[in-house]
Amino acid sequence: MIDRPKATEGQNVLRHTHKRVRTELIWVFVISLFVNLLLFTQPLYLFQVLDRVIGSASLSTLLYLTLLAGFAFLVFAVLSEARGRLLARLAVWVSQQLGPPLLRSSMVTTVLGKSVGMQGFRDLANLRNFLQSGTLVALIDAPSVPIFIFVLFLMHPWLGSTALVGAALLLGVGLLNQRLSDNHVRAAGASYSDAEGQAVQQITNAEVTLAMGMDPALTRRWERQHDHALEAQSKAVNTSGILLSASKFVRMFIQAGMIGVGAYLLLKGQLTAGAMIAASILAGRALSPVEQVIGGWRHLISARASLVVVDKLLSIQPRQKPAVTLPPPRGELLVEGVTYQPADCEKPVISNISFALEPGDLCALVGRSSAGKSTLCRLIVGVLQPDRGHIRLDGADLYEWQSAGIGEHIGYLPQSVALFNGTVAENIARMGHPDSEQVIAAAKLTGLHDTILRLPGGYEYEIGDYGQKISGGLRQRLGLARAIYGTPKLLVLDEPNSNLDSAGERGLIQALQHLRSAGSTIVVVSHTAKILSDCNRVVVLDEGALKQFGDASEVLRLAKPNPKNTATNVAG
């Protein structure tokens, strides 16, 4: 289980993002304050025209009032545009800041066996959209509501009281909306996530699904999850729809009621006609942000849930690597009392394992199925972090190396070879800028050079998503070439010959011999005598514990002779 210190690298980025967002929103609030003050232009203009201009028949006054109102409207438009652009830039900046650490967190989560797929990026997109939405603008405008109500009180207490009652009613509708729809929105989001995960697995494994007739059962399973999500969403939409209609009724009734109250006051001689019309407009301005917040309540709940997911994902990142760059490693590997227990397992998968390898050692890692070999490989290359103990390279804990600095000195070939959409050369060069000499050297070392030249375009051949355009054996050999690209000082190979033919196996043995002579430290999981015969060290695992470690000649001498599966006999 990955160590979780007080603050991970992702959480630090999130805190910095929060700080920047708060600062930017303060500026947005200031701009919004002026925008809302300029909303007084229309009611004031109507008030002056109806009560003064018409009564005095002064065309010059009308002209000056109109020019002044036009200038105010222009400033209003400019400030509104500036506010929109500021929020749009902020949304883009947040996505740029959180995207890279979120990608790394998603990869770490996948390694831990809890793949979230694209969920984190969907939640990030949801946050980005919310930052540009009218719901956020309405929330920022909400503090201006008391200003409008205060002005209405200045005009007449009855007008202010009417607007205050309307705002209170709308607030009650909003709170009721939250109480009734919150659970439905959360349930819909969780169900959609489960359904999408099921669909991704079904599409990814389409070959075996269609071949063995599993698609009807899997489709029914997806339909159940999807229908549950649709039902929850439908309940949330229906509830919000009813309450949104109620809020519209309240707002329209209060605004109309303001005309009625104003007319009554007009008849009593306590209000002018211009003030009556202005009061109706001010009431609409006061209630509009509250109504908009209620209308966008589902977006607010969804954004809040997305923020929780993003925060949770970023907290899963391993601790931040130090800034000091260590010198290139020589390849001295020390596994020191390593224990690893996944969160969902009752007992450790790797238990108190210790051994040491020197540069130039070729070590076979053997044992029965589920002995912990693949997990130990992931620990050695730093994909997983031990719960106890240390993996040291040249005396330094593997997690003390800079991630970018140590990666080029480590080669890793997992059981399931994952290639990327790109050219052959790019995949061998680890998706960086290909060094032609090193790419060709790695290909020749694995016996792939002539095979690659026969492909359309040679090294520039596009292999498709996950390398689907090439055979399984070629994918594994390309994975091997990628692992040995640049002559890494530490090479870990997990079942590297499982899909290889005789030519591929010869290329594998040739590559191992070359790297060993170059001083690389090599750990290889294999069950074949051809590989074991070249090894000078052997680690034997049994149920996650170290059963034997020593010179290959001594360990293999004690094994029962079985040329088909020497590794099984060593483990037994």
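See the structure printed just above.
Here the residue index of a chain counts from 1 through its sequence in written order. For a predicted model such as this one, the threshold for reporting local features is a pLDDT of at least 70, and the threshold for listing and counting side-chain atom pairs is 80 or more; totals across whole chains, interfaces and linings nevertheless cover every residue. In computing side-chain values, all of the structure's heavy atoms are included and hydrogens and water are not.

Colleague: Can you walk me through empty space enclosed by the protein in this structure?
Modeller: Space left empty within the atom packing is revealed by a probe, the size of a water molecule, rolled over the atoms. Cavity: a set of points on a 1 Å grid over the protein atoms alone where a 1.4 Å probe fits but cannot get out. Pocket: an open set with protein on both sides within 12 Å along at least five of seven lines, its lining residues, like those of a cavity, having an atom within 4 Å of a point. Grid points are joined across faces, edges and corners, and a volume is the space filled by probe spheres set on the points. Evaluation of the coordinates by the stated rule reveals 1 cavity of 30 Å³ or more. In this model, the largest cavity occupies a volume close to 30 Å³. Every residue along the wall of the largest cavity is listed here: Leu33, Asn36, Leu37, Phe40, Ser144, Ile147 and Phe148. Of all the secondary-structure elements, those providing two or more residues to the lining of the largest cavity are helix 1 (9–38) and helix 6 (145–155). Secondary structure elements follow DSSP: runs of H or I no shorter than four residues count as helices, runs of E no shorter than two count as strands, and numbering proceeds from the N terminus. Counting residues per element, the lining of the largest cavity draws most heavily on helix 1, which supplies 3 residues. Charged residues are taken to be Asp, Glu, Lys and Arg, nonpolar residues to be Ala, Val, Leu, Ile, Met, Phe, Trp, Tyr, Cys and Pro, and polar residues to be all remaining types, Gly included. Its residues assigned to classes, the lining of the largest cavity comprises 5 nonpolar, 2 polar and no charged.

Colleague: Teacher, can you tell me more about the sheet that holds strand 4 (residues 388–393) here?
Modeller: In a beta sheet, neighbouring strands are held together by backbone hydrogen bonds and run either parallel or antiparallel to one another. Only strands that DSSP links by at least two bridges are regarded as paired with each other. Within the open sheet, the 4 strands sit side by side as 2-1-4-5. Their pairing is antiparallel. In this open sheet, the two edge strands, each paired with only one partner strand, are strand 2 (350–357) and strand 5 (396–397). As judged from the 2 bridges shared by strand 4 and strand 5, these two strands associate in the antiparallel manner. Pairing of Leu393 across the sheet is with Ala396, part of strand 5.

Colleague: Just to check I follow, could you spell out the pattern of salt bridges for this structure?
Modeller: Side-chain pairs of opposite charge can arise where the charged atoms are in close proximity. Salt-bridge detection follows one rule: a side-chain nitrogen of Lys or Arg within 4 Å of a carboxyl oxygen of Asp or Glu. With the rule as written, the count across this model stands at 8 salt bridges. Between Glu81 and Arg85 there is a salt bridge, with the nearest N and O atoms lying 2.7 Å from each other. Note that Glu81 and Arg85 are positioned in helix 3 (residues 59–111) at a spacing of 4 residues, about one turn of the helix. Exposed residues in this analysis have more than 50% of their type's maximum accessible area, buried residues have under 20%, and partly exposed residues fall in between, with area computed by a 1.4 Å probe over protein chains only. Given the relative accessible area of 52%, Arg85 is considered exposed. One salt bridge connects Arg330 with Asp394, and the closest N-O pair in it is separated by 4.0 Å. Within this pair, whereas Arg330 is found in the loop between helix 11 (297–314) and strand 1 (333–340), its partner Asp394 is found in the loop between strand 4 and strand 5, the two being separated by 64 residues in sequence. Taken together, the shared-partner salt bridges connect Arg330, Glu332 and Asp394 into one network.

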